[in-house]
Amino acid sequence: MKVFATRVIPAAGLELLEKAGHTVIQWAEPRELTTDERINFCKESDALLFAGGNKIDRPLLEHCRHMKVIGLLSVGYDNVDLKAATELGIQITNTPGVLSNATADTAFLLMLSVARKAFYQHKRILKGEWGFSTPTANLGIDVEGKTLGIWGLGNIGYVMAQRCKAAFGMNIIYHNRNRNEDAEINLQARYVSFEELLQQSDVLSVHASLTHETTNKFNMEVFRQMKPTAIFINAARGGIHNETDLIAAIEDGVIWGAGLDVTNPEPMQPDNPLLQMPTVAVLPHIGSATLETRNAMARVAAENIIAALAGRPVLNPVNHLYAL
Ligand SMILES: NC(=O)C1=CN([C@@H]2O[C@H](COP(=O)(O)OP(=O)(O)OC[C@H]3O[C@@H](n4cnc5c(N)ncnc54)[C@H](OP(=O)(O)O)[C@@H]3O)[C@@H](O)[C@H]2O)C=CC1
Ligand SMILES: O=CC(=O)O
């Protein structure tokens, strides 16, 4: 059968699909597909491997109603109209677990980069501003022994907490809608209210999914409840924080700084004021972007598609999550 991939996909996934006898058409051009191109590829294909691109909305899904499956090369499923897909009988699958370590590493990298103003210091050297050093210049803050607050302690949040506890003896507090017993037992993570999470966290790392409940959650009202020395990390989705409020919160000293792997919109424009701030580190949504992890994700996405096309149950269905 024919599988259309919206980008060139990692070799491990391609090999699996081809070994299963499927033909994979990959979009290799360095530009987004037009709406018509997307529709035409979907019409001609039996499955879609979504590896990036514009939202999979109802109008596109209407042209995919013959498909058994759309395999996402991501854990996030906020870019798909799950309700429409479910109504049209199309299974949507994702790639949980295999990218948790790499994505948590990115959050960890951002945390230290903000604490030590690393991206800013790098820019100073590039501009020839290494200059005259004094004991009171270029100071960052320690994270050793501080409190890490996780908002959305699931697969990735757990690894972030694990790494921060092991590396820096950080105290872990978290807030979810449900308790995470594993984290409470293994990491001595303490469940707190959202308000307490804001008040107590020295580093607040967001790892919740983007839903109608989490959209714009971190706004000025929320930043005002955080410590003036707090570091805000978002390696989940840009829609979870309000960018205008985040800029003002850092400029006005409401919080110390922010580390972002995700922005809203993406890509972030080069004239964005956040990019000039000493206590800000921004990455271009590379949370899971390691060779090993992207191959593992491609394998999972391919296995889901192969299962669905063979009429077997898929491993990672997400259709049921549309009501969240
Ligand atoms: N930067 C990047 O490249 C990447 C980003 N991501 C993003 O990270 C997200 C998390 O991934 P992963 O850890 O695998 O997912 P999980 O589903 O394992 O974890 C998500 C956590 O968020 C919590 N959560 C959801 N809604 C809320 C809410 N309203 N309030 C508080 N907590 C909430 C859930 O707990 P509960 O249900 O109990 O509330 C759950 O513990 C993805 O959805 C994706 O958007 C993922 C991979 C890479
Ligand atoms: O953002 C990446 C994902 O896997 O979700």
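Residues numbered from 1 in each chain as written. Chains lettered and ligands numbered in written order. Predicted model: local features only at pLDDT ≥ 70, side-chain atom pairs only at ≥ 80, totals over all residues. Heavy atoms only, no water.

Participant: Even after reading the chapter, I still don't get the environment of Met268, so can you show me in this structure?
Facilitator: Inspection of the secondary structure assignment puts Met268 in the loop between strand S11 (257-260) and strand S12 (280-282). Overall, the relative accessible area of 16% leaves Met268 in the buried class. As a C-alpha pair, Met268 and Pro284 span 16 residues in sequence and 7.9 Å in three-dimensional space. When sequence neighbours within four positions are dropped, the list of residues in contact with Met268 reads Glu243, Thr263, Leu274, Leu275 and Val282. (Helix = DSSP H or I, 4+ residues; strand = E, 2+ residues; numbered from the N terminus. Buried < 20%, exposed > 50% of the residue type's maximum accessible area, 1.4 Å probe, protein only. Contact = heavy atoms within 4.5 Å.)

Participant: I tried to follow the domain arrangement of the protein chain on my own but got confused; where do I start?
Facilitator: Note: interface size is frequently given as the accessible area lost on complex formation between the parts. Splitting the protein chain by domain gives domain 1 (2-98 + 290-323) and domain 2 (100-282). Between the C-alpha centres of domain 1 and domain 2 the distance comes to 31 Å. With nine residues of domain 1 at the interface, the matching set in domain 2 holds seven residues. In this assembly, domain 1 packs against domain 2 so that about 560 Å² is buried in total across both faces, 47% of it on carbon and sulfur atoms. Considering only the surface of domain 1 that becomes buried against domain 2, Tyr77, Asp78 and Gly97 emerge as the three largest contributors, covering 58% of it. Counting across the interface, domain 1 meets domain 2 through one salt bridge. (Domains from an automatic or database assignment. Buried area = accessible area lost by both parts, 1.4 Å probe. Salt bridge = Lys/Arg side-chain N within 4 Å of Asp/Glu carboxyl O.)

Participant: Mind showing me how you'd approach the packing of aromatic side chains here?
Facilitator: For any two aromatic rings, the description comes down to two numbers: the centre-to-centre distance and the angle of the planes. Inspection of the entire model under this criterion finds ten aromatic pairs. Taking the centre distance of 6.4 Å and the plane angle of 45° together, the rings of Phe218 and Phe223 count as tilted. Like Phe218, the residue Phe223 is buried in the burial classification. Ring centres of Phe218 and Phe232 lie 5.1 Å apart, and the angle between their planes is 40°; on these two criteria the pair is classed as tilted. Highlighted residues: Phe218 in the loop between strand S9 (203-206) and helix H10 (220-223) and Phe232 in strand S10 (residues 231-234), separated in sequence by 14 residues. In this pair, the class of Phe218 matches that of Phe232, namely buried. Taken together, the ring pairs connect Trp151, Phe194, Phe218, Phe223 and Phe232 into an aromatic cluster. (Phe/Tyr/Trp six-rings, centres within 6.5 Å; stacked < 30°, edge-to-face > 60°.)

Participant: Would you take a moment to explain the nonpolar core for this structure?
Facilitator: A general tendency of soluble globular proteins is for nonpolar side chains to be buried together. The biggest cluster of nonpolar side chains holds 51 residues, and the ones touching the most others in it are Leu17, Leu49, Met111, Leu148 and Met160. Each of domain 1 (2-98 + 290-323) and domain 2 (100-282) accounts for three or more of the residues forming this core. Ignoring any residue separated from it by four or fewer positions in sequence, one finds Leu49 in contact with Val3, Phe4, Ala5, Thr6, Ile9, Leu17, Gly71, Leu73, Ala301 and Ile305. Ile173, Ala208, Ala230 and Val254 belong to the second-largest nonpolar core, a separate cluster that totals 31 residues. (Core = buried A, V, L, I, M, F, W, Y, C linked by side-chain atoms within 4.5 Å.)

Participant: So what exactly am I meant to see when it comes to the site of ligand 2 here?
Facilitator: Every residue close to ligand 2 is listed here: Ser74, Val75, Gly76, Leu99, Arg237 and His285. In this structure, an oxygen atom belonging to ligand 2 sits 2.7 Å away from a side-chain N or O atom of Arg237. A distance of 2.6 Å is found between an oxygen atom of ligand 2 and a side-chain nitrogen or oxygen belonging to His285. In the complex, 83% of the free accessible area of ligand 2, which totals 190 Å², lies under the protein chains. Tallied by class, the residues present in the shell around ligand 2 amount to two nonpolar, three polar and one charged. (Near = heavy atom within 4 Å. Polar contact = N/O pair within 3.5 Å; in protein donor to acceptor, adjacent residues only side chain to side chain. Areas by Shrake-Rupley, 256 points an atom, 1.4 Å probe, with all protein chains shown as cover. Nonpolar A, V, L, I, M, F, W, Y, C, P; charged D, E, K, R; others polar.)

Participant: Any chance you could explain the sheet that holds S10 here in plain terms?
Facilitator: Sheet strands pair by backbone hydrogen bonding; their relative direction is either parallel or antiparallel. Spatial ordering of the open sheet is given by S8-S7-S6-S9-S10-S11-S12, a layout of seven strands whose pairing is parallel. Lying at the two open borders of the sheet, with one neighbouring strand each, are strand S8 (190-191) and S12. Pairing between S9 and S10: four bridges, direction parallel. If you follow Val206 over to S10, its bridge partner there is Asn234. Here helix H5 (residues 100-115) sits on the sheet and contacts S9, S10, S11 and S12; the angle it forms with S10, its principal contact strand, is near 150°. (Pairing = 2+ DSSP bridges. Axes fitted to C-alpha atoms, helices over the stretch in contact; angles between N-to-C directions.)

Participant: Can you walk me through the site of ligand 1 in this structure?
Facilitator: What surrounds ligand 1 is a group of 27 residues, the closest being Asn155, Arg177, Asn178, Glu213 and Asp261. With respect to ligand 1, the backbone of Ile156 contributes an N or O atom lying 2.9 Å from an oxygen atom. The contact in question runs from an oxygen atom of ligand 1 to an N or O atom on the side chain of Arg237, over 3.3 Å. In isolation ligand 1 has 910 Å² of accessible area, and contact with the protein removes 87% of it. Of the residues that constitute the shell around ligand 1, the class distribution is nine nonpolar, 14 polar and four charged.

Participant: For this particular structure, what's the right way to read the UniProt feature "domain: D-isomer specific 2-hydroxyacid dehydrogenase NAD-binding" (unreviewed entry) in the protein chain?
Facilitator: Per the UniProt entry, the sites bearing "domain: D-isomer specific 2-hydroxyacid dehydrogenase NAD-binding" (unreviewed entry) are residues 109-287 in this numbering. From the first C-alpha to the last, residues 109-287 spans 10 Å; its make-up is 31% helix and 15% strand. (UniProt positions renumbered as here; feature names shortened; annotations may be inferred.)

Participant: Whenever I open this one, the packing of helix H1 (residues 11-19) against helix H12 (residues 291-309) confuses me. Can you help?
Facilitator: Relative placement of two packed helices is described by the angle separating their axes and the distance separating the axes. For the pair H1 and H12, interaxial distance at closest approach is 7 Å and the crossing angle is 25°. Between H1 and H12, the angle is such that the two are roughly parallel. Relative to H12, H1 is oriented so that their crossing is right-handed. Two secondary-structure elements touch here, H1 through Ala11, Ala12, Gly13, Leu16 and Leu17 and H12 through Asn295, Ala298, Arg299, Ala302, Glu303, Ile305 and Ile306. Looking at the contact of H1 with H12 residue by residue, the classes come out as eight nonpolar, two polar and two charged. (Parallel < 35°, antiparallel > 145°, perpendicular 65-115°, else oblique. Left-handed = near helix turned anticlockwise from the far one by under 90°.)

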